[in-house]
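One-letter residues, chain by chain:
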Amino acid sequence: MPIVSDTPLARRVAGKPRVYVTRHLVPAVEARMAELFDVVPNTFDAPLSRDQLVAAMRDADVLVPTVTDRIDATMLEEAGDRIGLIANFGAGIEHIDLASARARKVIVTNTPGVFTDDTADLTMMLILSVPRRLGEGSRLVRDGAWTGWAPTQLLGRSVGGKRLAIVGMGRIGQAVAHRARAFGMEVTYHNRRPLPGAIENMLGARYEADLDKLLAEADIITLHCPASAETHHLLDARRIGLLKPDAFVINTARGDLIDEDALIAALQAGKLGGAGLDVYAREPAVDPRLIALPNVITLPHLGSATVEGRSLAGEKVIANIRFWADGHRPPDQVLQGWA
């Protein structure tokens, strides 16, 4: 497709831009994209191989990837000059080499904000479910092993009055704090820097600069950090060893924030109260030891899985492509590393 003009920020495309979409999106979004663009879908709806992703970028103006599509410097080099926009479906962009994209004048956009409430809702569900042993109770009924009510059966823990430690106080962390306050929890948090005092007061949250201290004093820990070299195995064997023996660990962010082997060892040894996990180190593979533990709830990466959220994300992708194709800066351009 001929390029009418080219700048470091946008590209005006004559006619409909060719858009390669790596996974099926909700029907309304796919229908709207088909109206506006020359769409090439991944009809098999399975993660693409490295070579398939490179081939897609060679033959498209725009690539719409998801978190399962890793795009590194070598792939961008091999992709050629046609690709001008990577319009990521999702807020996280750690799977894309941003510096290499910038060097090749490829714009990267994401879909911030649309999954905040959905992910916070799921996190709060795990915060409630794991201490109350809902996973164990569901298995009991499903397996036909429930014999009736008893005063001491599956006694869990109340969340009211418990100390919730939020590690990472961005949009989702703040939304979780808002929900936790309604359940009477004491909210503490760790972040690269403290929030403004007015926001802390609104959320009823207290900042703790020392992450080790935050973890050691918490009853429930929930992780909301991006994946990076700095946060890889943020919760490692040493830090897991700091936790109370009846503490609960919740992770709806990224799997590699936790050293899974260390977490499993602590759970198997009875040194933790339980865990609620929606993400894993080697997705889609889930360690069978986690699945076997009765005090662990394992979910298949459902944090953003609502019709409403996925539809809004698709609308953001469409808007970013249209702005870019019209020669304007997309509203959700990821600016790290850009002048």
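With an unreviewed UniProt entry as reference, the chain is termed D-glycerate dehydrogenase, source organism Novosphingobium ginsenosidimutans. The UniProt entry for the chain carries the following comment under Sequence similarities (unreviewed entry): "Belongs to the D-isomer specific 2-hydroxyacid dehydrogenase family."

S.K.: I tried to follow the packing of helix H5 (residues 116–129) against helix H7 (residues 171–182) on my own but got confused; where do I start?
M.R.: Helices that pack against each other are described as a pair by the angle of their axes relative to one another and the distance between those axes. Close contact between H5 and H7 brings their axes to 9 Å; oriented N to C, the two are set at 50°. Looking at the two axes, H5 sits oblique to H7. Where H5 crosses over H7, the two elements pack in a sense that is right-handed. Here H5 contributes Thr 116, Asp 117, Thr 119, Ala 120, Asp 121, Thr 123, Met 124 and Ile 127 to the contact with H7, which in turn contributes Arg 171, Ile 172, Ala 175, Val 176, Arg 179 and Ala 180. Taken together, the residues of the contact of H5 with H7 sort by class into seven nonpolar, three polar and four charged.

S.K.: Hey, could you run me through the layout of surface pockets in this one?
M.R.: Roughly 190 Å³ of volume is contained in the second largest pocket. Forming the walls of the second largest pocket are 13 residues, and the residues nearest its centre are Arg 132, Gln 153, Leu 154, Leu 155 and Gly 156. For the lining of the second largest pocket, a count of residues per class yields eight nonpolar, three polar and two charged.

S.K.: Looking at this structure, how should I read the UniProt feature "domain: D-isomer specific 2-hydroxyacid dehydrogenase catalytic" (unreviewed entry) in the chain?
M.R.: As recorded in UniProt, the feature "domain: D-isomer specific 2-hydroxyacid dehydrogenase catalytic" (unreviewed entry) lies at residues 42–334. The span residues 42–334 shows a helical share of 37% and a strand share of 13%, and its end C-alpha atoms are spaced 25 Å apart.

S.K.: Is there a simple way to explain helix H6 (residues 134–142) in this structure?
M.R.: At 3.6 residues per turn, the α-helix brings residues three or four places apart onto the same side. For H6, every residue scored as buried is listed here: Gly 135, Glu 136 and Gly 137. Note on H6: the residue one or two positions beyond its end, Gly 144, has a positive phi of about 70°.

S.K.: I'm lost on the UniProt feature "domain: D-isomer specific 2-hydroxyacid dehydrogenase NAD-binding" (unreviewed entry) in the chain in this one. Help?
M.R.: Using the residue numbers shown here, the UniProt feature "domain: D-isomer specific 2-hydroxyacid dehydrogenase NAD-binding" (unreviewed entry) corresponds to residues 124–303. In the segment residues 124–303, helix accounts for 33% and strand for 16%; the C-alpha atoms at its two ends are 11 Å apart.

S.K.: Explanation requested: the packing of helix H1 (residues 27–36) against helix H13 (residues 307–325) in the structure shown.
M.R.: Across the interface, H1 lies against H13 with an axial gap of 10 Å and an inter-helix angle of 15°. What the angle tells us is that H1 and H13 run roughly parallel. Pair H1 / H13 crosses with right-handed handedness. Taken together, the residues of H13 that come into contact with H1 (itself represented by Val 29, Arg 32, Met 33 and Leu 36) are Arg 310, Ser 311, Gly 314, Glu 315, Val 317, Ile 318, Ile 321 and Arg 322. Looking at the contact of H1 with H13 residue by residue, the classes come out as six nonpolar, two polar and four charged.

Conventions adopted
Residues numbered from 1 in each chain as written. Predicted model: local features only at pLDDT ≥ 70, side-chain atom pairs only at ≥ 80, totals over all residues. Heavy atoms only, no water. UniProt positions renumbered as here; feature names shortened; annotations may be inferred. Axes fitted to C-alpha atoms, helices over the stretch in contact; angles between N-to-C directions. Helix = DSSP H or I, 4+ residues; strand = E, 2+ residues; numbered from the N terminus. Parallel < 35°, antiparallel > 145°, perpendicular 65-115°, else oblique. Left-handed = near helix turned anticlockwise from the far one by under 90°. Contact = heavy atoms within 4.5 Å. Nonpolar A, V, L, I, M, F, W, Y, C, P; charged D, E, K, R; others polar. 1 Å grid on protein atoms, 1.4 Å probe; cavity = no way out; pocket = protein on both sides within 12 Å on 5 of 7 lines; lining within 4 Å. Points joined across faces, edges and corners; volume = space filled by probe spheres on them. Buried < 20%, exposed > 50% of the residue type's maximum accessible area, 1.4 Å probe, protein only.

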